[in-house]
Amino acid sequence: MATVSDFMIERMQAWGVSRVFAFPGDGVGEFDGALEKAQREGHGLAYVRPTHEEICGLMATAHAKFTGEVGVCIATSSPGAFHLLNGLYDAASDNQPVVAIVGQQGLASLGTFNQQENNLERTFTDVACYVQTIVTPQQAQAVIDTAFRTAKTRLQPAVIVFPHDVQGMTMEEPAREHWVSRSSVGAPSLDFAPPERDVAQAAEILNAGKKVGLLVGHGANGATDEVLEVARLTGAGVITALRGKQVVPSDVPYHTQQLGLLGSAASWKISQECDTLLMLGTNYPYGEYLPETGQARCIQVDLKPEHIGLRYPAELHVWADVKAFLTALIPHLQQKEDLGWQESVADRMREWDREVEEQAMVSYDRLNPRRVYHELNLRLPAQAIVTCDAGTTADWYGHHIRLRRGMLGDLSGRLASMLAAMPYAVAAKFAFPERPVVCTIGDGAFQMLGMNELITVKKYLQDWGANPQLVIVIMHNDDLTQVSWEMRTEDGNPVWDTSQEVETVDYAAWAQLLGFKGIAVRSEDEVGPALDAAFEHRGVTLIDAHVSKNVPPLPPHVTFEYAKNTALSLLKGDPEEGSVVVNSAKTVIAEGAGRVKDALHLGHSDQERAEPAAARADDEDER
């Protein structure tokens, strides 16, 4: 006799689920037993058990990002369920369909303060678009279908709370009677275009523009050819948000990569000079890098209506699928005859690429982290998948990694959670075992849970078939570097070693202990050979790159405020003041070098240093 758990497994398969990321426990024990039985009988789901429930949630989110499918994570009652939250918030922040199935104590325990009994519906209500406890077998079908349908259509996580005793109850076909819902598998398509009047108005705005800019996000995934055709017809420069990096191939000359602290001077040029802005599937949050209010006529297209018109005042608000919208729009666009604007953008991007390469070649107190990413980019194989973490690795990824057509790349975006790079990479390897995967991560993030995930890799390596190639590149600088620079540049505070220092570990030896290839890299001439060895190895390679923590992730447009706050932090006694001054001066190439050197000058008394800074601040206000 089939149980509710058996039905859950069958129904998930009907929804297209083939793999779950799960961690067992007694609160979900009956369901675990059903999963094991189905697998043993040859009709189950692939069951991936990492070392921590938080990793389950992040892996499910990554699976959704890389495949477009619904990601599924499973955990036991309260303690395990709570561990899923970070991964589910990552899914919610980046608009990904994920279904979490969490155990619960028996029905009779609800509301009685029993062991591990908590109000899980209330816990998950903030993060999930749908949360429901299955309380009877006849209700199970509707709850499962609604969770998957809602996650797919709202692009958000949904949560099914599954009490232990209900898991083992005999499944019942929903009856044709009062209070009983009979549901079905399937979700409406999101490939919808806007009304013709919106398409016509968008065409009028774009045809009238002389300096068109496109800002392309992950919501444009799958619309690469359409984005390129619109850019060709309108003579546009194309910026991609960090999570939209893979949408536009890097060899498009007027693709200027990212905008802002992680972006290029060419993207800054587009933002500051464009008279028309088309935003496609992006919730880019950094308003200080967008055009001045009133500078550009703006069209924003998104599947999430709550994001439209939120970051920059739009003239036309389009609720639609990006690909469907562009397909309808293209026949209405007129070919721009004068491509001078687009060519100037491409020229600035070529200059920027030269500048970034020069920055990668500068020598510091230790290995230049930019050099590692530069050399990695030169060697990325076709179809590679690259993940990065939320620290300075995201800066180097944005500045130096160029994803060619067919490559994928991602990270924890709006949530910007540390440690996500490792579970993202492992989830990508499960989804695409034939493809090379590269994880770039800082030592602080790797220590959080990344080190543990090498154990997961060891456990499942045989499942990756003929190409178990996974390359992990660790930025080993014994510091929480992104926070250190944020303290200096945003708050004007010196680095506080008590909170920022990361205990050094021999990561290469740790990899070797688990049977993997581990390579320690300490100098520029060792970087290329180490990466060559990694990509020649048909297995797991960990590169322990001992890099400098004092290389500033300078924005392409170095503001006075940025430089002034850095100077203030040094005046307050930053322990790395000498290296910061030297390295900042070395790094500034394109713009603002004189101002930054002046602001960081430490050769005078505190009073002498403060007075010029105040005068320059007044001058900056006047300008």
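The rules behind the values
Each chain carries its own residue numbering, running from 1 in the written order of its sequence. Given that the model is predicted, a residue must reach a pLDDT of at least 70 before its local features are reported, and side-chain atom pairs must reach 80 or more before they are shown or counted; all residues, however, enter totals for whole chains, interfaces and linings. To obtain the side-chain values, all non-hydrogen atoms of the structure were used and water was disregarded. Secondary structure elements are defined from DSSP: runs of H or I of at least 4 residues count as helices, runs of E of at least 2 residues count as strands, and each element is numbered from the N terminus. In what follows, residue pairs with any heavy atoms lying within 4.5 Å of each other are defined as contacts. Method for areas: the Shrake-Rupley scheme with a 1.4 Å probe, in which residue coverage is limited to the protein chains shown. Being paired, for any two strands, means DSSP has found at least two bridges between them. Convention adopted: a line fitted to C-alpha atoms gives each axis, helices being fitted over their contacting stretch, and angles between N-to-C directions are expressed from 0 to 180 degrees. An angle below 35 degrees is read as roughly parallel, one above 145 as roughly antiparallel, one from 65 to 115 as roughly perpendicular, and any other as oblique. Crossing chirality is assigned from the near helix's rotation relative to the far helix, an anticlockwise turn below a right angle marking it left-handed and a clockwise turn marking it right-handed. Amino acids are sorted into nonpolar (Ala, Val, Leu, Ile, Met, Phe, Trp, Tyr, Cys and Pro), charged (Asp, Glu, Lys and Arg) and polar (every other residue, Gly among them). With a 1.4 Å probe rolled over the protein chains alone, any residue whose accessible area is under 20% of its type maximum counts as buried; one over 50% counts as exposed, and the rest are partly exposed. Stacked, tilted and edge-to-face are the three classes assigned to paired rings of Phe, Tyr and Trp, where Trp is represented by its six-membered ring and a pair needs centres within 6.5 Å; plane angles under 30 degrees give stacked, over 60 edge-to-face, the rest tilted. Take the buried residues of types Ala, Val, Leu, Ile, Met, Phe, Trp, Tyr and Cys, join any two whose side-chain atoms come within 4.5 Å, and each joined set is a nonpolar core. Only a pair of cysteine sulfur atoms within 2.5 Å qualifies as a disulfide here. Residues adjacent in sequence count toward polar contacts only when both atoms are side-chain atoms; beyond that, a polar contact is any pair of N or O atoms within 3.5 Å, and within protein one must be able to donate a hydrogen and the other to accept it. Put simply, a salt bridge is a Lys or Arg side-chain nitrogen that is within 4 Å of an Asp or Glu carboxyl oxygen. Helix span, expected: 1.5 Å multiplied by one less than the number of residues in the helix. Think of the arc as the fan of directions from the helix axis to the C-beta atoms.

Visitor: Can you tell me about the overall build of the chain, naming the residues and giving the values?
Guide: Helix and strand counts for the chain stand at 25 helices and 17 strands. The contacts in the chain between residues at least 6 apart in sequence include a share of 75% that link residues at least 24 apart. When the accessible surface of the chain is split by element, carbon and sulfur atoms take 50% of a total near 23900 Å².

Visitor: Give a detailed account of the sheet that holds strand β6 (residues 157-163), specifying residues and quantitative values.
Guide: Strand order in this open sheet of six strands is β2-β1-β3-β4-β6-β5, and the pairing throughout is parallel. On the outer flanks of this sheet lie β2 (46-48) and β5 (130-133), each paired with one strand and no other. Sheet twist, expressed as the average angle between the axes of neighbouring strands with direction ignored, equals 20 degrees. Across seven bridges, strand β4 (residues 98-104) lies against β6 in parallel orientation. Within β6, the position partnered with Val102 by the bridge is Val161. Across the sheet, helix α2 (residues 29-40) is in contact with β2, β3 (71-75), β4 and β6; its angle to β2 comes to roughly 130 degrees. Those strands touched by helix α7 (residues 137-154) are β3, β4, β5 and β6, and its axis lies near 165 degrees from that of β5.

Visitor: How would you summarise the environment of Pro305 if you had to cite specific residues and measurements?
Guide: With respect to the helices, strands and loops of the structure, Pro305 is situated in the loop between β10 (297-302) and β11 (316-319). Counting along the chain gives 14 residues from Pro305 to Trp319, while the straight-line C-alpha distance between them is 5.9 Å.

Visitor: Residues and numbers for the packing of helix α14 (residues 369-379) against helix α15 (residues 392-400), please.
Guide: Describing two packed helices takes the angle between their axes plus the distance from one axis to the other. Look at α14 against α15: their axes get within 9 Å of each other, and the N-to-C directions meet at 45 degrees. With respect to α15, the element α14 is oriented oblique. Our pair here, α14 against α15, has a crossing hand that is right-handed. Contacts from Pro369, Arg370, Tyr373, His374 and Asn377 of α14 reach α15 at Thr393, Trp396, Tyr397, His399 and His400. Residue composition of the contact of α14 with α15, grouped by class: four nonpolar, five polar and one charged.

Visitor: How would you summarise the pairing of β10 if you had to cite specific residues and measurements?
Guide: Within β10, five of the six residues are buried, which leaves the element mostly enclosed by the surrounding structure. Strand direction decides the pairing type here: strand β9 (residues 276-280) and β10, joined by five bridges, are parallel. Paired with Met279 across the two strands is Gln300, which belongs to β10. Pairing of β10 with β11 involves four bridges; the strand directions are parallel. In the sheet register, Gln300 faces β11, and the bridge partner there is His317.

Visitor: Which residues make up the packing of helix α10 (residues 224-234) against helix α12 (residues 322-329), and what values go with them?
Guide: Running from amino to carboxyl end, α10 crosses α12 at an angle of 40 degrees, the nearest separation of the two axes being 9 Å. Relative to α12, the element α10 is oriented oblique. Regarding α10 and α12, the two cross each other, and that crossing is left-handed. Contact with α10, carried on its side by Glu226, Val227 and Val230, involves Lys323, Leu326, Thr327 and Leu329 of α12 and no other residues of that element.

Visitor: I'd like a rundown of the packing of aromatic side chains, residues and numbers included.
Guide: To describe a pair of aromatic rings, you give the distance between the ring centres and the angle between the ring planes. Taken as a whole, this structure holds nine aromatic pairs when the rule is applied. Their ring planes at 85 degrees and their centres at 6.0 Å tell us that Phe192 and Trp319 sit as a pair that is edge-to-face. In this pair, Phe192 sits in the loop between α8 (164-167) and α9 (196-208) while Trp319 sits in strand β11, placing the two residues 127 residues apart along the sequence. Residue classification places Phe192 among the partly exposed positions, given a relative accessible area of 28%.

Visitor: Give me the nonpolar core: which residues, what numbers.
Guide: Of all hydrophobic cores here, the largest spans 62 residues; its most connected members are Phe124, Phe446 and Ile472. If we skip the residues at most four places from it in the chain, Ile472 touches Met422, Cys439, Ile441, Phe446, Leu454, Val540, Thr541, Leu542 and Ile543.

Visitor: Report on the state of the cysteines, specifying residues and quantitative values.
Guide: The final tally for this structure, using the stated rule, is zero disulfides. The thiol sulfur of Cys56 is not disulfide-bonded, and the nearest other cysteine sulfur, from Cys73, lies at 7.0 Å. Lacking any disulfide linkage, Cys274 is separated from the closest cysteine sulfur, that of Cys298, by 8.7 Å.

Visitor: Please provide a residue-by-residue account of the sheet that holds β11, values included.
Guide: Spatially, the five strands line up as an open sheet ordered β8-β7-β9-β10-β11, and their pairing is parallel. The open sheet is flanked by β8 (237-240) and β11, the only strands paired with a single partner. Mean inter-strand twist for the sheet, computed between neighbouring axes without regard to direction, equals 15 degrees. Relative to β9, strand β7 (residues 212-216) runs parallel, the two sharing five bridges. Paired with Leu215 across the bridge in β9 is Met279. The sheet contacts of α9 involve β7, β9, β10 and β11, and relative to β10 the element is tilted by about 140 degrees. Its contacts with the sheet place α10 against β7, β8 and β9, and it is angled at close to 165 degrees to β7.

Visitor: Describe the side chain of His476, and please don't skip the residues or the numbers.
Guide: Structurally, His476 can be placed in strand β15 (residues 470-476). At a separation of 3.0 Å, a polar atom in the side chain of His476 contacts the side chain of Asp478. With sequence-adjacent residues up to four places away left out, His476 is seen in contact with Arg366, Asp443, Thr504, Val505, Tyr507, Asp544, Ala545, His546 and Val547.

Visitor: Break down the pattern of salt bridges for me, citing the residues and quoting the values.
Guide: For the structure on display, the rule yields 22 salt bridges. Between Arg297 and Glu204 there is a salt bridge, with the nearest N and O atoms lying 3.3 Å from each other. One end of the pair, Arg297, is in strand β10; the other, Glu204, is in helix α9, and 93 residues separate them in sequence. Across the salt bridge formed by Asp532 and Arg379, the nearest N and O atoms sit 2.7 Å from each other.

Visitor: Which residues make up α2, and what values go with them?
Guide: The end-to-end C-alpha separation of α2 is 16 Å, in line with the 16 Å expected for 12 residues at 1.5 Å each. Listing the buried residues of α2 in full gives Phe31, Asp32, Ala34, Leu35 and Ala38. Along α2, the residues classed as buried sweep out an arc of 160 degrees about the axis, all on the same side. At the exit of α2 stands Gly42, carrying a positive phi of roughly 90 degrees.

Visitor: Please provide a residue-by-residue account of unusual backbone geometry, values included.
Guide: If you check the backbone angles, Trp179 has positive phi at about 75 degrees while not being a glycine. Along the polypeptide, Trp179 turns up in the loop between α8 and α9. Even without a glycine there, the phi angle at Asp478 is positive, about 60 degrees. Tracing the chain through its elements places Asp478 in the loop between β15 and α18 (481-491).

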